[in-house]
Amino acid sequence: MKKQSTQPTYFALALASFLLAIVLLFNMLSPMAVPVTKEQFDQIREADLIEYLIVQPRGFTWQLTRAVRVQGPNGETVTKRIELAEPDPTVAEDWRQRGGAVRQEQDTSWWGGMVFIALLLGVGGWHIWSQIRLDLKGGGGPRRRLRDLETALKQGKITQAEFRQQAERLWAEL
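Residues numbered from 1 in each chain as written. Predicted model: local features only at pLDDT ≥ 70, side-chain atom pairs only at ≥ 80, totals over all residues. Heavy atoms only, no water.

**A few points about a nonpolar patch on the surface**
Working step 1: Residues Phe 11, Leu 15, Leu 19, Val 123 and Trp 126 make up a contiguous nonpolar surface patch of about 440 Å² in total accessible area.
Working step 2: Elements with a contribution of two residues or more to the nonpolar patch: helix 1 (2-28) and helix 4 (109-136).
Working step 3: The dominant element in the nonpolar patch, judged by the number of residues it contributes, is helix 1, at three residues.
Working step 4: Among the structural elements, Phe 11 can be located in helix 1. (Patch = residues over 30% accessible without salt bridge, like charges linked within 9 Å, V, L, I, M, F, W, Y side chains within 5 Å. Areas by Shrake-Rupley, 256 points an atom, 1.4 Å probe, with all protein chains shown as cover. Salt bridge = Lys/Arg side-chain N within 4 Å of Asp/Glu carboxyl O. Helix = DSSP H or I, 4+ residues; strand = E, 2+ residues; numbered from the N terminus.)

Given below as C-alpha cells:
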C-alpha cells in the first residue's frame, strides 16, 4: 500500500514542474503588443516614448522606451510594445523617413506554440500510458478500486471498518 500513496505525490511534483516550465516558457516569449488607436499612438510619439519600430512578417509593432498605460481592447494595460489597432503602413514609412530606429524580426513565435503543444501531448500520453499500465497490473484507478471495495463489502470479504479505512485512502486520491 505504500507504493500507492507515493504515486499521487510523484504526479503532483511532475505537474508542478510542468506548470513551472510553462510559466518560464511564456516569460521567455516576446511580449505581446497592445493595439492602440491612432490618437493614442500620436500622443505616445509626441511624448518621444518610441524607441524603435519592429518590422515583422505579420506587421509593425513599436517598442517603447518605458512602460506606459494605454487603453487596450480589454481595458487599461501597462505595456512596452504597441501596435496600431487599424494598421497603417504610411505611419511606419513616415517613421523610417524621419530616421527612426528600425529592427527587423523573424516570426519564430510559432516554435514556442509547437513546443507547448508537444509538451501537452507528451504529458497526456504519459498519463494515459501510466493509467493503462496500472490497470493492467490489477490496481486500476481509484474509482475502480473503490467499486472493488464496495463489492468486497457486499460479499462479506471485508468488514465495515476495513472498508471505511481503505475507502478514506482512496477518497484522498480522487
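Next, the rest of the story.
**Brief notes about the packing of aromatic side chains**
Working step 1: Applying the stated rule across the entire model yields one aromatic pair.
Working step 2: Look at Phe 11 and Trp 126: their rings are 6.3 Å apart centre to centre, the planes differ by 10 degrees, and that puts the pair in the stacked class. Taken as a pair, Phe 11 in helix 1 and Trp 126 in helix 4 lie far apart in primary sequence, 115 residues in all.
Working step 3: Residue Phe 11 is classed as partly exposed on the basis of its relative accessible area of 36%. (Phe/Tyr/Trp six-rings, centres within 6.5 Å; stacked < 30°, edge-to-face > 60°. Buried < 20%, exposed > 50% of the residue type's maximum accessible area, 1.4 Å probe, protein only.)

**What about the nonpolar core?**
One broad rule of soluble globular proteins: the nonpolar side chains tend to lie buried together.
Working step 1: Counting 17 residues, the largest nonpolar core has Phe 41, Ile 44, Ile 50, Trp 62 and Ile 82 as its most contacted members.
Working step 2: Looking at this core element by element, the count peaks at four residues for strand 3 (residues 59-72).
Working step 3: Listed in part, the seven residues of the second largest apolar core include Ala 152, Ile 158, Ala 167 and Leu 170. (Core = buried A, V, L, I, M, F, W, Y, C linked by side-chain atoms within 4.5 Å.)

**What about the side chain of Arg 81?**
Working step 1: Position of Arg 81 relative to the elements: it lies in strand 4 (residues 75-84).
Working step 2: Among the polar contacts listed, one links the side chain of Arg 81 to the side chain of Gln 63, at a separation of 2.8 Å. (Polar contact = N/O pair within 3.5 Å; in protein donor to acceptor, adjacent residues only side chain to side chain.)

**Topic: helix 3 (residues 89-97)**
Working step 1: Along helix 3, the residues classified as buried are Val 91, Ala 92 and Trp 95. Each buried residue of helix 3 sits inside an arc of 95 degrees when the element is viewed along its axis, so together they form one side. Turned more than 90 degrees from where helix 3 packs its buried face, Pro 89, Thr 90 and Gln 97 sit exposed.
Working step 2: Each element contacted by the buried residues of helix 3 is listed here: helix 2 (38-46), strand 2 (50-56), strand 3, strand 4 and strand 5 (102-104).
Working step 3: One or two positions beyond helix 3, positive phi appears at Gly 99, with a value near 85 degrees. (Arc of directions from axis to C-beta. Contact = heavy atoms within 4.5 Å.)

**Side note on the sheet that holds strand 1 (residues 34-36)**
Working step 1: The strand order 1-4-3-2-5 describes an open sheet built from five strands, whose pairing is mixed. Single-partner strands in this sheet number two, and they are strand 1 and strand 5. Sheet twist, expressed as the mean angle between neighbouring strand axes with direction ignored, is 45 degrees.
Working step 2: Together, strand 2, strand 3, strand 4 and strand 5 form the strand contacts of helix 3, whose direction differs from that of strand 2 by roughly 125 degrees. (Pairing = 2+ DSSP bridges. Axes fitted to C-alpha atoms, helices over the stretch in contact; angles between N-to-C directions.)

**Overview of the packing of helix 5 (residues 142-155) against helix 6 (residues 160-173)**
To describe two helices that pack against each other, one gives the angle between their axes and the distance between the axes.
Working step 1: Viewed as axis vectors pointing N to C, helix 5 and helix 6 meet at an angle of 170 degrees, and their least axial separation amounts to 10 Å. Regarding the angle of helix 5 to helix 6, the classification is roughly antiparallel. When helix 5 is examined against helix 6, the residues Pro 142, Arg 145, Leu 146, Leu 149, Glu 150 and Leu 153 are found in contact with a partner set consisting of Gln 160, Phe 163, Gln 166, Ala 167, Leu 170, Trp 171 and Glu 173.
Working step 2: Here the contact of helix 5 with helix 6 is built from residues that sort into eight nonpolar, two polar and three charged. (Parallel < 35°, antiparallel > 145°, perpendicular 65-115°, else oblique. Nonpolar A, V, L, I, M, F, W, Y, C, P; charged D, E, K, R; others polar.)

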